[in-house]
Amino acid sequence: MKKFLMAILLVTLICSLSFNLTAKTAEETFILFIEAEDCVMDGYWVVDGNAGAVGKMITCDTANDQKFTVNFNLPADGKYTVWFKVWHRSPGGTDENSVFFDYNGETHVFDWDEDAGTTNSDYFMLQRWYWAQICRRGSEPLANGWSEWGEANSQCRHTPVIMDLKAGANSITFTAREPGHFIDQIIITDNLDYNPADVPGNNTYICTFCNLPHFEKEPYADFGKTPEQYWNAQFVVEVVEEPADAADIQEAVTLPATVTPTAPQTADLIIISLVALGLSAGIISRRRKGK
């Protein structure tokens, strides 16, 4: 019976450690919000922002030549992902929705929305801001790196690239593959579950290209608050245990703290472990009495 009890304790401990290792709270997360105009320009240039942009934005007019570089510092080695806030206008068949980037010694194509309705000026992803997570095309070997069309490959092309990056100074250079798009903001984070468009009131739709769900609206353009403001509100919810006054939180952020934390807290896991231990002890006690 002692062996059985020790096994229960060991399983509970492993579960608690596993939750703590895999789940990231806002306080544990590294997240960097970058204005695109703060990147290093090499052909791209800065213009005044249009409706829904935060401040200024960057654009290009020549494919395969114009570039910009994102320079950033990381606190630790780890896995990171990158998000772009993008806009393109292309009804009529002219695509403007991809860039090249280099990673692990290879050049990849980062497509954002593959507007299946490119000849339809009413297609809702045209001429509006949205967030796209950095991805790359499938690996079927064809000339010039193009991959076979089809839902499986399309899902690959909308599957995020998780980058293994080192602590300290890092940089990623992007080259215009199709000109005419606008980029407003960039996010780099080690919270691989984070989505800047996942905010209260934002619905999802099924992408006509990859048949996967995406969020429909860009928070600032449609709700008037940036992903950074939503994130700061979540951070306050998680790390402020006993605020002196509700007005203090309102002063710290510019919106109500309504976002639910994305990860279980350590205290919750301890309580769960104790409950599991109590149930196990009860079962053992009843078995002993029954003998």
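Cut-offs and rules
- Residues numbered from 1 in each chain as written.
- Predicted model: local features only at pLDDT ≥ 70, side-chain atom pairs only at ≥ 80, totals over all residues.
- Heavy atoms only, no water.
- Helix = DSSP H or I, 4+ residues; strand = E, 2+ residues; numbered from the N terminus.
- Buried < 20%, exposed > 50% of the residue type's maximum accessible area, 1.4 Å probe, protein only.
- Contact = heavy atoms within 4.5 Å.
- Areas by Shrake-Rupley, 256 points an atom, 1.4 Å probe, with all protein chains shown as cover.
- Pairing = 2+ DSSP bridges.
- Axes fitted to C-alpha atoms, helices over the stretch in contact; angles between N-to-C directions.
- Polar contact = N/O pair within 3.5 Å; in protein donor to acceptor, adjacent residues only side chain to side chain.
- Core = buried A, V, L, I, M, F, W, Y, C linked by side-chain atoms within 4.5 Å.
- pLDDT = per-residue confidence, 0-100.
- Phe/Tyr/Trp six-rings, centres within 6.5 Å; stacked < 30°, edge-to-face > 60°.
- Lys NZ or Arg CZ within 6 Å of the ring centre and 35° of its normal.

## A word on the overall build of the protein
Scanning the protein from N- to C-terminus turns up 6 helices and 14 strands. Counting across all 291 residues of the protein, residues that qualify as buried make up 40%. Counting contacts in the protein only where the partners sit at least 6 residues apart, residues at least 24 apart contribute 72% of the total. Of the roughly 15600 Å² that the protein leaves accessible, carbon and sulfur atoms contribute 54%.

## Considering the sheet that holds strand S8 (residues 106-111)
Across the sheet, which stays open at both edges, the 5 strands sit in the order S2-S5-S11-S7-S8 with antiparallel pairing between neighbours. In this open sheet, the two edge strands, each paired with only one partner strand, are strand S2 (40-42) and S8. Averaged over all pairs of adjacent strands, the angle between their axes in this sheet comes to 30 degrees, without regard to strand direction. Pairing of strand S5 (residues 67-74) with strand S11 (residues 168-176) involves 8 bridges; the strand directions are antiparallel. When the bridges of S11 are listed, Asn71 appears paired with Ser171.

## Details of the side chain of Ser98
Looking at where Ser98 falls in the secondary structure, it is placed in strand S7 (residues 98-103). In terms of polar contacts, Ser98 uses its side chain to reach the side chain of Arg177, at 3.0 Å. A polar contact of 2.8 Å, which involves the side chain of Ser98, links it to the side chain of Glu178.

## Structural notes on the pairing of strand S6 (residues 78-87)
Across the 10 residues of S6, 8 count as buried, placing the element largely inside the fold. In terms of strand pairing, S6 meets strand S10 (residues 163-165) through 3 bridges, oriented antiparallel. Each residue of the ladder has a partner; that of Tyr80, found in S10, is Met163. Inspection of the sheet shows S6 paired to strand S12 (residues 182-189) by 7 bridges, in the antiparallel sense. Residue pairing in the sheet places Val82 in a bridge with Ile188 of S12. Bridge analysis of S6 against strand S9 (residues 130-133) gives 4 bridges, and the strand direction is antiparallel.

## Points about the nonpolar core
One finds Phe68, Val70, Phe84, Phe110, Phe174, Ile183 and Ile186 to be the most contacted residues of the largest nonpolar core, which totals 33 residues. Contributing elements (two or more residues each) for this core: S5, S6, S7, S9, S10, S11 and S12. Once residues within four sequence positions are removed from consideration, Phe174 is found in contact with Tyr44, Gln66, Lys67, Phe68, Val70, Phe84, Val99, Phe100, Phe101 and Ile134. Judged by nonpolar contacts, the second largest core, of 7 residues, contains Ala26, Ile31, Trp131 and Trp231.

## Observations regarding the confidence of the model for the protein
Per-residue pLDDT for the protein averages 74, and the proportion of residues at 70 or more is 59%. Across the protein, the element-wise mean pLDDT spans from 43 in helix H1 (residues 2-22) up to 98 in S2. Every residue in residues 4-22 scores below 50 in pLDDT, and together they form 13 contacts with partners more than four places removed in sequence or on other chains. Low confidence marks residues 141-149, where pLDDT is under 50. Its contacts with residues over four positions away, or in another chain, come to 16 contacts.

## Concerning the packing of aromatic side chains
This model, assessed by the stated rule, comprises 9 aromatic pairs. Plain terms: the ring middles of Tyr194 and Trp231 are 5.5 Å apart, the flat faces sit at 85 degrees to each other, and that makes the pair edge-to-face. Taken together, the positions of Tyr194 in the loop between S12 and strand S13 (204-206) and Trp231 in helix H4 (residues 227-239) put the pair 37 residues apart, joining distant regions of the chain. The exposure class of Tyr194 is buried, given its relative accessible area of 10%. Trp231 gets classed as buried once you look at its relative accessible area, which sits at 7%. Three or more aromatic residues link up through ring pairs in this structure, and these residues are Tyr44, Phe68, Phe84, Phe101, Phe110 and Phe174. Stacked on the ring of Trp129, the Lys or Arg Lys85 has its end atom at 5.2 Å from the ring centre.

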